[in-house]
Amino acid sequence: MKDTITAIAAAYGWTVQQVAATCELYNRAGARVCIVSAKGSRYHFRDTTGTLIYSGTDLARSVEWVLTKYYYTQKIAHANHAKENTSES
């Protein structure tokens, strides 16, 4: 679970730490914002208060959804590309 989440989170500048059977997502500022756990064939994403954010069976898609749709993050490469395009003008 951690390897899949880490690869996707890294593209957005986020980091992951494994804590027992869960993974914690940390944003670019280093704040813990999400806890991921597996229950049966489903993955549950909860914020730091324990509120369920998202639940899904496809881990990669679920991580991507939480990062882009719930936290509105953008991939680092995309943000850097946009900066390069504006500096050329």
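For clarity, every value in this text was computed on a predicted model and none was experimentally measured. (Residues numbered from 1 in each chain as written. Predicted model: local features only at pLDDT ≥ 70, side-chain atom pairs only at ≥ 80, totals over all residues. Heavy atoms only, no water.)

Hey, could you run me through the sheet that holds strand β3 (residues 32-39) in this one?
Hydrogen bonds between backbone atoms are what pair the strands of a sheet, whose relative direction is either parallel or antiparallel. As summarised here, the arrangement of the five strands in space is β1-β2-β3-β4-β5, forming an open sheet in which the pairing is antiparallel. Of all strands in the sheet, those bounded by a partner on one side alone are β1 (15-19) and β5 (52-56). In this sheet, neighbouring strand axes are inclined to one another by 20 degrees on average, regardless of whether the strands run parallel or antiparallel. Inspection of the sheet shows strand β2 (residues 22-26) paired to β3 by four bridges, in the antiparallel sense. The partner of Tyr26 across the bridge, within β3, is Arg32. Contacting β3, β4 (42-46) and β5, helix α2 (residues 59-70) runs over the sheet at an angle of about 150 degrees to β5. (Pairing = 2+ DSSP bridges. Helix = DSSP H or I, 4+ residues; strand = E, 2+ residues; numbered from the N terminus. Axes fitted to C-alpha atoms, helices over the stretch in contact; angles between N-to-C directions. Contact = heavy atoms within 4.5 Å.)

Sorry if this is basic, but what is going on with the pattern of salt bridges here?
Side-chain pairs of opposite charge can arise whenever the charged atoms involved come near each other. Using the criterion set out here, one finds one salt bridge in the structure. Here Arg32 ties to Glu24 by a salt bridge, and the two come within 3.1 Å at their closest N and O atoms. Judged by its relative accessible area of 36%, Arg32 falls in the partly exposed class. Using a relative accessible area of 9% as the deciding quantity, one classes Glu24 as buried. (Salt bridge = Lys/Arg side-chain N within 4 Å of Asp/Glu carboxyl O. Buried < 20%, exposed > 50% of the residue type's maximum accessible area, 1.4 Å probe, protein only.)

Can you walk me through the environment of Ala60 in this structure?
With respect to the helices, strands and loops of the structure, Ala60 is situated in helix α2. Exposure remark for Ala60: the relative accessible area of 32% places this residue in the partly exposed category. Linking Ala60 and Met1, residues 59 residues apart in sequence, is a C-alpha distance of 9.3 Å.

What am I meant to see in unusual backbone geometry here?
With glycine set apart, most residues show a phi of negative sign, and most peptide bonds adopt trans. The backbone of Ala20 sits at a positive phi, close to 55 degrees, despite the residue not being glycine. Counting through the fold element by element, Ala20 comes out in the loop between β1 and β2. One non-glycine residue with positive phi stands out, namely Tyr72, at about 55 degrees. Relative to the elements of secondary structure, Tyr72 occurs in the loop between α2 and α3 (76-88). Overall, the relative accessible area of 66% leaves Tyr72 in the exposed class.

Teacher, can you tell me more about helix α1 (residues 2-11) here?
Because an α-helix completes one turn every 3.6 residues, residues spaced three or four positions apart along the sequence face the same direction. Taken together, the buried positions of α1 are Ile5, Ile8 and Ala9. For α1, the buried positions fall inside an angular range of 100 degrees around the axis, keeping them on one side. When the buried face of α1 is taken as reference, the exposed residues oriented beyond 90 degrees from it are Asp3 and Ala7. Those residues of α1 that are buried are in contact with β1, β2, β3 and α2. Looking one or two places after α1, you find Gly13, whose phi comes out positive at around 85 degrees. (Arc of directions from axis to C-beta.)

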